[in-house]
Amino acid sequence: MFSQFLQLTLAGVAQGCVYALVALGFVLIYKATETVNFAQGDLMMLGAFFGLTAGTILGWPYWATILFAIVVMAVVGMGIERVVIRPVLGYPTFTVVMITIGVGYVLRGVVTMIPGWGTETYALKTPFGDGVIRFGGAVLATEQLATIALTAALCLVLYLFFRFAKLGVAMQATSQNQLAAYYMGIPVQRVNMLIWGLAAAVAAFGGILLAPVAFVHSNMGFIGLKAFPAAVVGGFGSVPGAVVGGLIIGVVEALAGFYLPEGFKDVAAYVVVLVVLLFMPSGIFGETIRKKV
Amino acid sequence: MRFIFKTDYTQDIRLFQHGGQIFWYGVLGVLLLAAPYLVSGYVLSQLQFICIYSIIGLGLMLLVGYTGQISLGHAAFLAVGAYTEALLQAAGMPFVVSLTSAALLSAAVGIIVGLPALRLKGIYLAIATFAFNVIVEEIITRWESLTGGNHGKLLKAIEIFGYRLSSQESFYYLCVGLTVLAVLLLINVLRSPTGRAFVAIRDSEVSASCMGINLAYYKTVSFALSAALTGVGGALYAHKVGFISPEQFTLIQSIELVTIVIIGGVGSLHGAVLGAAFIIMLPQGISIAKGWLPDTVPPAGLQSVVFGLILVAFIIFEPYGLYGRWLKIRTYFDVFPFYRRGTFRRQRSYLRSERLR
């Protein structure tokens, strides 16, 4: 009984890590620009396709695949910021949200048009093998363990980046008050571009980690819709919050899929987010919001 | 150029500002009435869709464009309206009763959704409504005894007071009539104190509440009205399509509905109708354009790319939407040759977080 619970929880944690990775992308962009990037899931999909191209079609080793996808996606992310986000800088945030929705549509469509990608479903091989580790009655696939470890590492790096790096602090400053950030000599536009690159790179990383579990296809970006609840539950704008939110959603989903009747698994994430929003309107780790006139 | 000299405050809230408007809306009305005799059956069917989407667009416009509350879950209200209509019709209720029930039930659901909206702002509200949409879709799929699950529901032709609306023309007149009613309802709401309160809330919640506007009450009213109109649109949609199933009411549909508002022009009733017409004609335009492209391009992908590009292009180049473009063209000729590029320029503002650390 207990081992079953443990097993489900572990599977949920592994799945939650993927949600957390996508949620991290949301949080990064939110932290710097106060907007939510609805195309995050689609950026992840694109990253996975680049990984697929490098790993399966060109036959590169795994680490090179990851590096390639991250670099290409960082460029794509910066390009998106330069072309469509910068012209609307300074306009209401909902404008930018609608633009990211449009970008998501374009990315999803473009992928189906590229020869070699198309509308097929692909699998991406990983070097972690298919071994399992026994863990007090529960089993954990090495792939899942790798996902958890890599997510943890990435979170630590990002946390340290925002806490100590000069650029990270500049990004936070930009988010809190653009005008003051300008006065302090922060190149706000360049910072915004960098943060889009960073978010896209994180998305690529998430896409490659997700690929063995969910396969690579043009609609895999819809998993991003599950990552929203994760980001909200944790509180937008908080890196640890995104991770905690992702884990909560992943575990709740895994448990609901087993203990509750069919159908609850798919909506568990959304029920959780509604409940959390009802009692904590800005999430668990969210900052206090106070309107100043 | 026309100068309107206002000598009375009631002139501001007249339905028609001047004789020209009466003339042109009269022409439009006559054309709409004569349409079944002028156009082919296919165009008439598209006109029905435009009317239905206009009603939905008007509902969403009230909420997004005038009250400033973002909803990514309007497909859920559409579903509530459509299923209420389908079930009540199957139970033998007359159309007038079932349509009213569809509107009232949607409004009730709107109030329930509006409750968390009182505490949530901006993007959190968008995500709450979006979560609600997913939950409603799942409930419809799983509650098979009531909704038929994925097998969907079939609808028969409408019957009003013993008269069957089985022909294209009669259904068209019903749609046009309800659209006109919806427009008149919204015009009346918007020129009343309630409508002014909505606009005040959109422009600044703090100053609105300082002026004595009860935020909770008006936001709830806005949600309820918007949901009711969307429910009516849903009931008509169900009859138009003749078959409803859960996959017609997904998040994608919700986003498409918001696109009506954005493309039409946020904050104008004309915009809702123009946006609806645009969204209905878009697939048609794409399939024509498809002829010029190589065969290797998948149609689904092309549709998605074009849709995304149009959305992005509108927001960047024409933030006031189709109606804004029309206003600009009209102003250009009105004041010719003195039009200036800066006339409609939007104010940019520096972003300041309201988060405190």
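Worth saying up front: this structure is predicted, and the values here are computed from it rather than measured.

Points about the overall build of chain A
- Tallying secondary structure elements over chain A gives 11 helices and 3 strands in all.
- Helices (α) and strands (β) of chain A occur, in sequence order from the N terminus, as α-α-α-α-β-β-α-α-α-α-α-α-α-β.
- The C-alpha atoms of chain A give a radius of gyration of 19 Å, which matches the 19 Å a tight globule of 293 residues would have.
- Seen through its principal axes, chain A has C-alpha atoms that stretch 60 × 50 × 35 Å.
- Across the 293 residues of chain A, 53% fall into the buried class.

A closer look at the overall build of chain B
- In terms of helices and strands, chain B carries 14 helices and 5 strands.
- Computed over C-alpha atoms, the radius of gyration of chain B comes to 21 Å, within 12% of the 21 Å expected from 2.2 N^0.38 for 357 residues, which places it in the range of a compact globule.
- For chain B, the spread of C-alpha atoms along the three principal axes comes to 60 × 60 × 50 Å.
- Counting only residues that meet the buried cut, chain B has 41% of its 357 residues in that class.
- Sequence-distant contacts in chain B: of pairs separated by 6 or more residues, those separated by 24 or more amount to 75%.

Details of unusual backbone geometry
- Between Phe336 of chain B and Pro337 of chain B the backbone carries a cis peptide bond, its omega angle lying at 0°.
- Within the secondary structure, Pro337 of chain B sits in the loop between helix H14 (321-334) and strand E5 (355-356).

So, the interface of chain B and chain A
- Taken together, the contact pairs 45 residues of chain B with 53 residues of chain A.
- For the side of chain B that touches chain A, the secondary structure elements donating two or more residues are helix H5 (122-142), helix H11 (251-264), helix H13 (299-317) and E5 of chain B.
- The element contributing the most residues to the side of chain B that touches chain A is H13 of chain B, with 12 residues.
- For the side of chain B that touches chain A, a count of residues per class yields 30 nonpolar, 6 polar and 9 charged.

Looking at the confidence of the model for chain A
- Scored by pLDDT, chain A has a mean of 83; 96% of the residues are at 70 or more.
- Ranking the elements of chain A by mean pLDDT puts strand E3 (residues 288-289) of chain A last, at 55, and helix H3 (residues 62-85) of chain A first, at 91.

A word on the nonpolar core
All names here are of chain A.
- In terms of nonpolar packing, the biggest core is built from 201 residues, with Ala23 and Met73 touching the most fellow members.
- Considering every element that reaches this core, the biggest residue donor is helix H1 (residues 2-33), with 18 residues.
- In this view, Ala23 contacts Ala227, Ala230, Ala231, Gly234, Ala242, Gly245 and Gly246; residues no more than four positions away in its chain are not counted.

Here is what the cut-offs are and how they apply
- Sequence order as written defines the numbering, with residues in each chain counted from 1.
- Each chain is given a letter, starting from A, and each ligand a number, starting from 1, according to the order in which they appear as written.
- Local features in this predicted model are restricted to residues whose pLDDT is 70 or higher, and side-chain atom pairs enter the listing and the counts only when it is 80 or higher, whereas totals over whole chains, interfaces and linings include all residues.
- Elements are defined by DSSP. Helices are runs of H or I of four residues or more, strands are runs of E of two residues or more, and each kind is numbered from the N terminus.
- For a compact globule the rule gives 2.2 Å times the number of residues to the power 0.38, and the radius of gyration it is set against comes from C-alpha atoms.
- In this scheme every C-beta is placed from the backbone, and a residue whose C-beta has 20 or more other C-beta atoms within 10 Å is buried, one with 12 or fewer is exposed, and one in between is partly exposed.
- Remark: residues whose backbone-derived C-beta atoms lie within 7 Å of one another are considered to be in contact.
- Under this grouping Gly is polar, as are all residues other than the nonpolar Ala, Val, Leu, Ile, Met, Phe, Trp, Tyr, Cys and Pro and the charged Asp, Glu, Lys and Arg.
- Confidence of the predictor in every single residue is expressed as pLDDT, which spans 0 to 100.
- Note on terminology: a nonpolar core is a set of buried residues of type Ala, Val, Leu, Ile, Met, Phe, Trp, Tyr or Cys, with members joined through C-beta atoms within 7 Å.

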